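Chain by chain, the residues run as shown.
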Amino acid sequence: MRNPYDVLGVAKGASEAEIKKAYRKLAKDFHPDRNKNDVKAKDRFAEANSAYEILGDAEKRKQFDRGEIDAEGKPRATGFEGFGGGRGGNFDFEHMARAQRGGGMGGGGMGEDIFSHIFGEAFRAGGAGPGGQRQPAKGEDVAAELSVTLEQVASEEKLRLALPTGREVDVMIPRGVIDGQTIRLRGLGQSGGLRGEPGDALLTIRIRPHPRFTVEGADLRTTVDVPLEDAVLGGTIRVPTLTGVVEMKIPAMTSSGRTFRLRGKGLPKKDGTPGDLFATTAIVLPEGEDAALADFARSRRAAKAA
């Protein structure tokens, strides 16, 4: 697995937004649905997804930067001690390899035996199993899509999904998910046979367009109608959210296009905290004729012209 920064093509100091943008572009370009006959595109897609699993998670990214986990998210070995190869217990792997090739270290390929003891029998024969037999191949990955609503994302709802393998599973929508993000469901791909591991299911999340809200990361934006009298005098208006209608006070002389923040009414972030909802006002005039309002407007126009 390559360095996830190299995979996404971003610098180590890249912001969360830059990482997300780079991932979405790669996921779109190499998605299996757009490259059905391109094996390399499938590999690039899986590689981009794995890289985003590390860099898209703030805690995993810190662990990777500190060298605590590798590019696959696995803990890094901190070294081997207790072999007595010198001060501090360092172990001479180069000497071990030479001994293995030359039949040294007591003969009989002892170097290989020690390597096998450390790393397991799969070390033999370049990844082969016991007796030099190759390990069974892993099953193929499968691609699937899940279409969700903003309401389902906000409630972190569990949804039933039918995979291409015919298997049905319950999927919990993860916090902080973005449209087009691919989630790896390990072990839910094609069977690897009697002894091989199953492949994974690569699940792409598609967030459906909403008639009222637009998405900006974990924040939402909407437009609310404000009656003319409330805009002039101030008052309380009703604002729709993903979890129901709330009341919001607006000051007197509120113009169209003014934006108010409703904290905690957006989508859940990865750390569990909610984003915000930004409500922009749109003044609505009374329907039909309004003689008093028309007289007021004419007097205002005359006063400005004088």
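Let me begin by describing the structure that accompanies this report. The structure presented is a predicted model; accordingly, all values stated were derived computationally and were not measured.

Okay, the overall build of the chain next. Regarding its fold elements, the chain presents nine helices and eleven strands. Of all 306 residues assigned to the chain, the portion counted as buried reaches 36%. Taking all contacts inside the chain whose residues are at least 6 apart in sequence as the whole, residues at least 24 apart take part in 48%. Working note: accessible area of the chain is about 18,800 Å², and carbon and sulfur atoms make up 50% of it.

Take the pairing of strand E2 (residues 158-162) next. Only one face of E2 is covered, namely the one carrying Leu159 and Leu161; the face carrying Lys158, Arg160 and Ala162 has none of its residues buried. In this sheet, strand E3 (residues 168-172) lies alongside E2 in antiparallel orientation, the contact comprising five bridges. Bridge pairing links Arg160 to Asp170 in E3. Where E2 hands over to E3, the hairpin turn is made up of five residues, of which Gly166 adopts a positive phi near 95°.

Now for the packing of helix H2 (residues 16-30) against helix H3 (residues 39-55). In a packed pair of helices, the relevant descriptors are the angle between the two axes and the axis-to-axis distance. Relative to each other, H2 and H3 sit at 160°, their axes nearing to 9 Å. It follows that H2 is roughly antiparallel to H3 by the angle criterion. As for the relative orientation of H2 and H3, their crossing is left-handed in sense. Contacts from Ile19, Lys20, Tyr23, Leu26, Ala27 and Phe30 in H2 reach Ala41, Arg44, Phe45, Ala48, Asn49, Tyr52 and Leu55 in H3. Of the residues assigned to the contact of H2 with H3, the class counts are ten nonpolar, one polar and two charged.

The next point concerns unusual backbone geometry. Its identity is not glycine, yet Glu156 carries a phi of approximately 50°, on the positive side. With respect to the helices, strands and loops of the structure, Glu156 is situated in the loop between helix H7 (150-155) and E2. Classification of Glu156 as partly exposed rests on a relative accessible area of 26%. In this structure, Met253 takes a positive phi of about 60° despite not being glycine. Inspection of the secondary structure puts Met253 in the loop between strand E9 (244-250) and strand E10 (259-262).

The subject of this paragraph is the side chain of Asn35. Turning to its location among the elements, Asn35 is positioned in the loop between H2 and H3. From its side chain, Asn35 meets the backbone oxygen of His31 in a polar contact 3.0 Å long. Setting aside residues up to four positions removed in sequence, Asn35 forms contacts with Asp29, Phe30 and Ala41.

Below, the discussion takes up the pattern of salt bridges. Summed over the entire model, instances satisfying the criterion amount to 21 salt bridges. Of the charged contacts in the structure, one is a salt bridge between Lys25 and Asp29, with a shortest N-O distance of 3.0 Å. On the criterion of helical spacing, the pair formed by Lys25 and Asp29 is a turn pair, its members being four residues apart in helix H2. Sharing partners across several salt bridges, the network here consists of Glu53, Lys138, Asp141, Arg184, Arg186 and Asp200.

Helix H4 (residues 58-65) packs onto H3 with a crossing angle of 95° between their chain directions and a minimal axis gap of 6 Å. One finds that H3 runs roughly perpendicular with respect to H4. Residue-level contacts link Glu53, Ile54 and Leu55 of H3 to Lys60, Arg61 and Phe64 of H4.

With that out of the way, let us pick up the packing of aromatic side chains. Under the counting rule described, the total for this entry stands at two aromatic pairs. The interplanar angle of 45° and the centroid separation of 6.2 Å between the aromatic rings of Tyr5 and Phe64 together place this pair among those described as tilted. Residue Tyr5 is found in helix H1 (residues 4-8), and its partner Phe64 is found in helix H4; the two are separated by 59 residues along the sequence. Using a relative accessible area of 5% as the deciding quantity, one classes Tyr5 as buried. Centroid distance Tyr23 to Tyr52: 4.2 Å. Interplanar angle 15°. Geometry classified as stacked. Here Tyr52 lies in helix H3 and Tyr23 lies in helix H2, a separation of 29 residues in the sequence.

What counts, and where the lines are drawn
- Residues numbered from 1 in each chain as written.
- Predicted model: local features only at pLDDT ≥ 70, side-chain atom pairs only at ≥ 80, totals over all residues.
- Heavy atoms only, no water.
- Helix = DSSP H or I, 4+ residues; strand = E, 2+ residues; numbered from the N terminus.
- Buried < 20%, exposed > 50% of the residue type's maximum accessible area, 1.4 Å probe, protein only.
- Contact = heavy atoms within 4.5 Å.
- Areas by Shrake-Rupley, 256 points an atom, 1.4 Å probe, with all protein chains shown as cover.
- Pairing = 2+ DSSP bridges.
- Axes fitted to C-alpha atoms, helices over the stretch in contact; angles between N-to-C directions.
- Parallel < 35°, antiparallel > 145°, perpendicular 65-115°, else oblique.
- Left-handed = near helix turned anticlockwise from the far one by under 90°.
- Nonpolar A, V, L, I, M, F, W, Y, C, P; charged D, E, K, R; others polar.
- Polar contact = N/O pair within 3.5 Å; in protein donor to acceptor, adjacent residues only side chain to side chain.
- Salt bridge = Lys/Arg side-chain N within 4 Å of Asp/Glu carboxyl O.
- Phe/Tyr/Trp six-rings, centres within 6.5 Å; stacked < 30°, edge-to-face > 60°.

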